[in-house]
Structure formats: structure tokens, C-alpha cells
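# Structure at a glance
Each chain, written out:
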Amino acid sequence: MLPSIKDLSYAELCQWLAQQQQPAFRAKQIRDWLYKKHATDFNDMANLPLTLRQTLAENFRAFTLTPLKTQEASDETVKWLSQLGDGHTIETVLIRTPERNTVCISSQVGCAVRCIFCASGKQGLLRNLSAAEMLDQIILASRAGGRLVNNLVVMGMGEPLHNFEQLVAALKLLCAADGLGLGARHVTISTSGVPAAIRRLADLQTPWNLALSLHAVNDEIRAKIIPPAKRSPLEDIFTACEYYTQKTKRMITLEYVLLEERNCRPEDASRLADIAHRLHAKVNLIPCNNDSGPCQAPDAELCERFLKLLLSRKVHATLRRSKGKDIQAACGQLRSQTPTGKSARGVAAATPAPPENSRE
Ligand code: SF4
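Structure report, in brief. Every residue gets a number counted from 1 within its own chain, in the order that chain's sequence is written. Side-chain atom pairs in this predicted model are given and counted only at pLDDT of 80 or more, local residue features only at pLDDT of at least 70, and totals for whole chains, interfaces and linings cover all residues.

### Digging into the overall build of the protein chain
Only DSSP runs of H or I covering at least 4 residues are called helices, and only runs of E covering at least 2 are called strands; the numbering of each starts at the N terminus. Regarding its fold elements, the protein chain presents twelve helices and twelve strands. With the radius of gyration taken over C-alpha atoms, the globule rule is written as 2.2 Å times the number of residues to the power 0.38. Relative to a compact globule of 360 residues, whose C-alpha radius of gyration would be 21 Å, the protein chain shows 21 Å and is just as compact. The principal-axis extents of the C-alpha atoms in the protein chain amount to approximately 70 × 45 × 40 Å. A residue is called partly exposed when the number of other C-beta atoms within 10 Å of its own lies between 12 and 20, exposed at 12 or fewer, and buried at 20 or more, with C-beta atoms placed from the backbone. Buried positions account for 49% of the 360 residues belonging to the protein chain. Each residue is represented by a C-beta atom placed from its backbone, and any two residues with such atoms within 7 Å are regarded as in contact. In the protein chain, the share of contacts with a sequence separation of at least 24, taken over all contacts with a separation of at least 6, comes to 69%.

### Some details on the packing of helix α10 (residues 266-279) against helix α11 (residues 300-312)
For any two helices packed against each other, one specifies the crossing angle of their axes together with the interaxial distance. Axis separation between α10 and α11 bottoms out at 9 Å; the angle between their running directions is 35°. Pair α10 / α11 crosses with right-handed handedness. Across the interface between the two elements, Pro266, Ala269, Ser270, Leu272 and Ala273 of α10 pack against Phe306, Leu309 and Leu310 of α11. Under the scheme applied, nonpolar residues are Ala, Val, Leu, Ile, Met, Phe, Trp, Tyr, Cys and Pro; charged residues are Asp, Glu, Lys and Arg; polar residues are all the others, including Gly. Grouping the amino acids of the contact of α10 with α11 by side-chain chemistry returns seven nonpolar, one polar and no charged. The convention used is that axes are lines fitted to C-alpha atoms, helices contributing only their stretch in contact, and that angles between N-to-C directions extend from 0 to 180 degrees. Left-handed describes a crossing whose near helix is turned anticlockwise from the far helix by less than a right angle; the clockwise case is right-handed.

### Concerning the packing of helix α1 (residues 10-19) against helix α2 (residues 25-36)
Where α1 meets α2, the closest approach of the two axes is 9 Å, and the angle between their N-to-C directions is 125°. With respect to each other, α1 and α2 are oriented oblique. The handedness of the crossing between α1 and α2 comes out as right-handed. Taken together, the residues of α2 that come into contact with α1 (itself represented by Tyr10, Leu13, Cys14 and Leu17) are Arg26, Ala27, Ile30 and Arg31. Residue composition of the contact of α1 with α2, grouped by class: six nonpolar, no polar and two charged. Throughout this description, any angle smaller than 35 degrees is read as roughly parallel, any larger than 145 degrees as roughly antiparallel, any in the 65 to 115 degree range as roughly perpendicular, and the remainder as oblique.

### A closer look at the nonpolar core
Residues of type Ala, Val, Leu, Ile, Met, Phe, Trp, Tyr and Cys that are buried and joined through C-beta atoms within 7 Å form what is called a nonpolar core. In terms of nonpolar packing, the biggest core is built from 109 residues, with Ile138, Leu174, Ile198, Leu258 and Val283 touching the most fellow members. The greatest single-element share of this core, amounting to eight residues, is contributed by helix α5 (residues 131-145). Residue ranges for the domains originate in an automatic or database domain assignment. Structurally, this core is a two-domain feature, drawing no fewer than three residues from each of domain 1 (5-59) and domain 2 (66-350). In contact with Leu174, not counting residues within four places along its chain, are Leu135, Ile138, Leu152, Gly179, Leu180, Leu182 and Val187.

### Considering the environment of Asn128
The residue Asn128 is located in strand β6 (residues 125-128) in this model. For Asn128, a count of 18 C-beta atoms within 10 Å gives the class partly exposed. Residues Asn128 and Arg200, 72 residues apart in the sequence, show an inter-C-alpha distance of 19 Å. Beyond its immediate sequence surroundings of up to four residues, Asn128 is in contact with Gln108, Asn163 and Gln166.

### Thoughts on unusual backbone geometry
A positive phi angle, close to 60°, is found at Arg114, a residue other than glycine. Structurally, Arg114 is set in the loop between β5 (108-110) and α4 (119-122). Residue classification places Arg114 among the buried positions, given that 22 C-beta atoms sit within 10 Å. Even without being a glycine, His280 presents a positive backbone phi close to 50°. Residue His280 is classed as exposed on the basis of its 12 C-beta neighbours within 10 Å.

### Focus on the pairing of strand β9 (residues 209-213)
By the criterion of burial, β9 is predominantly enclosed, with four of the five residues buried. At least two bridges found by DSSP between two strands are what make those strands a pair. Bridge analysis of strand β8 (residues 187-191) against β9 gives four bridges, and the strand direction is parallel. Its bridge partner being in β9, Ile189 is matched across the sheet by Leu210. With helix α7 (residues 195-203) bridging β8 and its parallel neighbour β9, the resulting β-α-β unit is right-handed. Call a crossover right-handed when, viewed with both strands pointing away from you, the route from the first strand across the helix to the second goes clockwise.

### Overview of the pairing of strand β1 (residues 66-72)
In this structure, β1 lies alongside strand β2 (residues 78-83), joined through six bridges in antiparallel fashion. When the sheet's bridge partners are listed, Glu72 is paired in β2 with Val78. Here β1 folds back onto β2 in antiparallel fashion, the turn holding five residues, of which Glu76 has a positive phi close to 75°.

### Here we look at the sheet that holds β8
Here we have ten strands laid out as an open sheet, ordered β1-β2-β3-β4-β7-β8-β9-β10-β11-β12, and mixed in their pairing. Looking at the sheet topology across the chains shown, the edges are occupied by β1 and β12 (317-319). Within this sheet the neighbouring strands show an average axis-to-axis angle of 20°, counted without direction. In the sheet, strand β10 (residues 253-258) pairs with strand β11 (residues 282-287) via six bridges, with the strands oriented parallel. By the bridge assignment for β11, Leu258 is matched with Pro287. Relative to the sheet, α5 contacts β1, β2, β3 (89-96), β4 (101-104) and β7 (151-154), its axis offset from that of β3 by approximately 40°.

Structural data, given as C-alpha cells:
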């Protein structure tokens, strides 16, 4: 499998071009095509000599994704199933509203965290995505909209902070003036809570937004939602989040999937309000998106009641209306699969039925 051209730094690209007896200014031309014009084929790079285009194509891939299937939901949300160079598949979602286009990208194939409501978790971790594979999802969605998306959430398949180096490399290129050029404040990284990685991210002091997928107000309840292997104690996560806020001055969002009979009692709302106040965080409530399996969404009335309890405690809270549910594009519904909709690995099919949620 050829490497992606996006894996080369600017200096490395200049060096490669020098080996081909090409002037250094070609590097800027190539990066303009990749990041400003969202080119996915070296042949489209019209101001490069034909021989250089051919040599590039013999040595690199301009685009790492082969879209296999595109689905559009009744609310105009679009979901792509794409194949990677090694045959694995991932999903990417474009959420369109009158105000903005938000792309939700995957950071891994599958996920090791295995939250019980999540389709990605059912598959286990197959591998990390490269920075190029993450950037190419943004380019895929931007090409569909005819211009760069306004907003990025890393909430698709995978725990992004388990793929720290590649995630940061991708986001730096995304936000660089000579990269895709998206403002850092329009980027949100969603994590199930990896304290050491949250601290590393904080130390970069880049104003990316952080969303913590909390889902439970104490370790005992959380243990029934996130298996122990990749779950850290809440207190460690909270202190890391406080450090993040202190370093980046960004307000954290607490994502809270409402799961019937698991985490939505009035006392849970009260404790959640305490946590939100402690972390100076806002709360995003997400009714569980699957209608089958071990987790169900509470009825709409209970969701509203839970929201009102938070609001009565002066918490900045919203109840999210999930988009793209009819094409399995809502939070927690993304997974590796074949174009006909089968799970890409037997693991998922053999696992008893859990549902979905949280587009992490
Ligand atoms: S919700 Fe996020 S962290 Fe949990 S299994 Fe799914 S992708 Fe992984």
C-alpha cells in the first residue's frame, strides 16, 4: 500500500521533490491542491507537469478513502462508508443545519472502550487511523458541501485519545494556515475520559473543545456502562478536566447518554448538576439512539424532566435531538461494515445485541 502524500511534512515533501529534480515551489502547489482545493487525485493538479503527476501517483496516494456507500437521511444528514487501503471500513457523518456544516469523523476502526450502548464498541479495536485518514474524512465531507466544513467533531468510531499522536497531527494540519485552515475553536474532541491524554492535550494549549462522555455520575453506575479495561476512576478524569480548562480556558461539555433505568433518576440529575458546577461545564443530554438491546432511551417526558432538573440547578444544559437516526448515523450508531450493512467482523455479530449512542 502506497503512503499518503499527507504523511509528509512540508520539509519532507520539499526533500522528495529535490530528489526528483523538481523546484521547491512545487511543494506549495501540491499542498494548495490537497488542502485548499481538496483534490483527491494527482491528475487534477493541473499546474503540475504531467511527469510529476505520474511520479507522484507511482509513489503516494492523494486520498486514502474509497467511498463505498453514501446515505442521506430525511433530515439531510449524510453518512459515508469508506474503505481504507487495507480493506477496513469506517464511517463519517456530515450534519447539515442552516447555520453550519459539521463533520463527525472516526479516529479508529472499532473501539477498545466498548461502551455497552455503542455499535463501534461492539467491534473492539481493529486499528488506529492515520492522520491522513482522519483528514481525508474532512475533505470527503467538504467536497460534498462544495467548501470546507465549518465545524469538526471527533465523535465517530473510536476513542480519539487512544490515538493521540495521529489525532494531534491531523488536527494541527486541519487548523494550520497552510493546511485546511479551520479555526481551532471549531474543533471538538470527544473522549470517554483518558486522564493522562487529557493532560497532554491541555499542555498543547490549543483551544480545541473537549467533550467528556460521562454517562454516569459515580464509578459504580459507570461500571455498568463502560467495561473496566479502559475505564478510569471519575475523580482522576475530573482533575484532568479541571487541568484542561485551566490550561486552555475552554469550557468542557459533559455528554450524557440517557439510558432507561440506568442513569436518569432525579438524584442522578442532582449529582450531575454538582459535577457540572465543579467543572464549570455545560451538559449535553442525548437520549440513547437504539431501540433494542440492553439499553433503551427513557420516554420523552422523563428526558424533559431530567433536563428541567438540571436547568433548575442553573446548569447550562441541552437535550440533543439526534440527527441521521434513520440511516444509523446518530451518536453511537457508527461501525465498520460491508456495503450491504453487515458488520465487518464476526465479533459484532456474535455479541448480544447492545445498542448505540454517543458519537465519540
Ligand atoms: S461511545 Fe465512544 S468510547 Fe465508547 S465504545 Fe463507542 S466509540 Fe468507543
